[in-house]
Amino acid sequence: MPTATPLPRVLLTGFDPFGDTGHSSLPLNPSWMAVKALRSKRIGGHLVVAAQLPTVFQDSIAQLVRLLALHKPALVICVGQAGGRGAISLERVAINVNDARIPDNLGGQPVDTPVVADGPAAYFSSLPIKAMLQALQEAGVAAEVSQTAGTFVCNHVFYALMHALATRRGLKRTRGGFVHVPYLPEQGAPSLPLEEIVRGLRLAVAAALATKHDITKGAGAVS
């Protein structure tokens, strides 16, 4: 019998809990909880692969690079937690700087160092973030375009992802980017329920897969 052709893959990553757990005494990170809920789902003819990254500078990049080589995904969305935000944030740009306000999970706290030595100052997401925004808003999911992914491990991973997609053989056609999600209600306010975050991520993936060229839609920031 002929062997079935494997489905192309979407790689979703989330992080393990770190110091910013909000008001919860439990070690929670909604980025991983939401990504894990989509593991092995089929979206737009693609199979979702979910993986957890450590909230650790360098180690997170090493793990991400291994995942890219293993799965050779068509689409990659790395997801992180952003306490203080009340909407799913579609990140526009990653910058080549680490400036950690708090230590990572192994005590590392780089300040004013590059993510990639001699790398470009920044990379833009290659996801169709405006089409994704529209799909989320039309479905009633709180969503926004964000102009900064911070300078902690989330931006570190976002920049490393885009650098890998731009420079590594076999990944030039892979699109990728970063999404921040709010706290869960038990962590404090503002927040979104886990099921709403999962629904939003699923809609975002579907929109990314269905959109070859992004739309024009106002979603900028004054400050």
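My aim in this report is to walk through the structure given alongside it, one point at a time.

What counts, and where the lines are drawn
- Residues numbered from 1 in each chain as written.
- Predicted model: local features only at pLDDT ≥ 70, side-chain atom pairs only at ≥ 80, totals over all residues.
- Heavy atoms only, no water.
- Pairing = 2+ DSSP bridges.
- Helix = DSSP H or I, 4+ residues; strand = E, 2+ residues; numbered from the N terminus.
- Contact = heavy atoms within 4.5 Å.
- Axes fitted to C-alpha atoms, helices over the stretch in contact; angles between N-to-C directions.
- Phe/Tyr/Trp six-rings, centres within 6.5 Å; stacked < 30°, edge-to-face > 60°.
- Buried < 20%, exposed > 50% of the residue type's maximum accessible area, 1.4 Å probe, protein only.
- Salt bridge = Lys/Arg side-chain N within 4 Å of Asp/Glu carboxyl O.

### What about the sheet that holds strand β2 (residues 42-43)?
Alright, step 1. The strand order β2-β3-β1-β4-β11-β5-β10 describes an open sheet built from 7 strands, whose pairing is mixed. Of all the strands in the sheet, just β2 and β10 (143-146) have a single pairing partner and so form its edges.
Alright, step 2. For strand β5 (residues 88-91) and strand β11 (residues 175-181), the ladder comprises 2 bridges, and the chain directions are antiparallel. Its bridge partner being in β11, S89 is matched across the sheet by H180.
Alright, step 3. Here helix α2 (residues 59-71) sits on the sheet in contact with β1 (9-15), β3 (46-53) and β4 (75-81), set at roughly 160° to β3.
Alright, step 4. Across the sheet, helix α3 (residues 129-138) lies against β4, β5 and β10, angled at about 160° from β10, the strand it touches most.

### Some remarks on the packing of aromatic side chains
Alright, step 1. Under the counting rule described, the total for this entry stands at 4 aromatic pairs.
Alright, step 2. Relative to F152, the ring of F57 has its centre 5.6 Å away and its plane inclined at 85°; by these criteria the two rings are edge-to-face. Placement of the pair is F57 in the loop between β3 and α2 and F152 in the loop between β10 and α4 (153-167), with a sequence separation of 95 residues. An identical accessibility class is assigned to F57 and F152; each is buried.
Alright, step 3. Judged by centre distance (5.0 Å) and plane angle (55°), the rings of Y123 and Y159 are tilted. Highlighted residues: Y123 in strand β9 (residues 122-124) and Y159 in helix α4, separated in sequence by 36 residues.
Alright, step 4. Owing to a relative accessible area of 14%, Y123 belongs among the buried residues under this scheme.
Alright, step 5. Taking relative accessible area as the criterion, Y159 reaches 0% and is therefore assigned buried.

### Section: the pattern of salt bridges
Alright, step 1. The tally for this structure, following the rule as stated, stands at 2 salt bridges.
Alright, step 2. For the salt bridge of R85 with E91, the shortest nitrogen-to-oxygen distance reads 2.7 Å. The same class applies to R85 and to E91, which are both buried.
Alright, step 3. A salt bridge links E196 to R199, with the shortest nitrogen-to-oxygen separation between them at 3.1 Å. Taken together, the residues span about one helical turn, with E196 and R199 both in helix α5 (residues 194-210) at a distance of 3 residues.

Function cannot be read off these values alone, since they describe shape.
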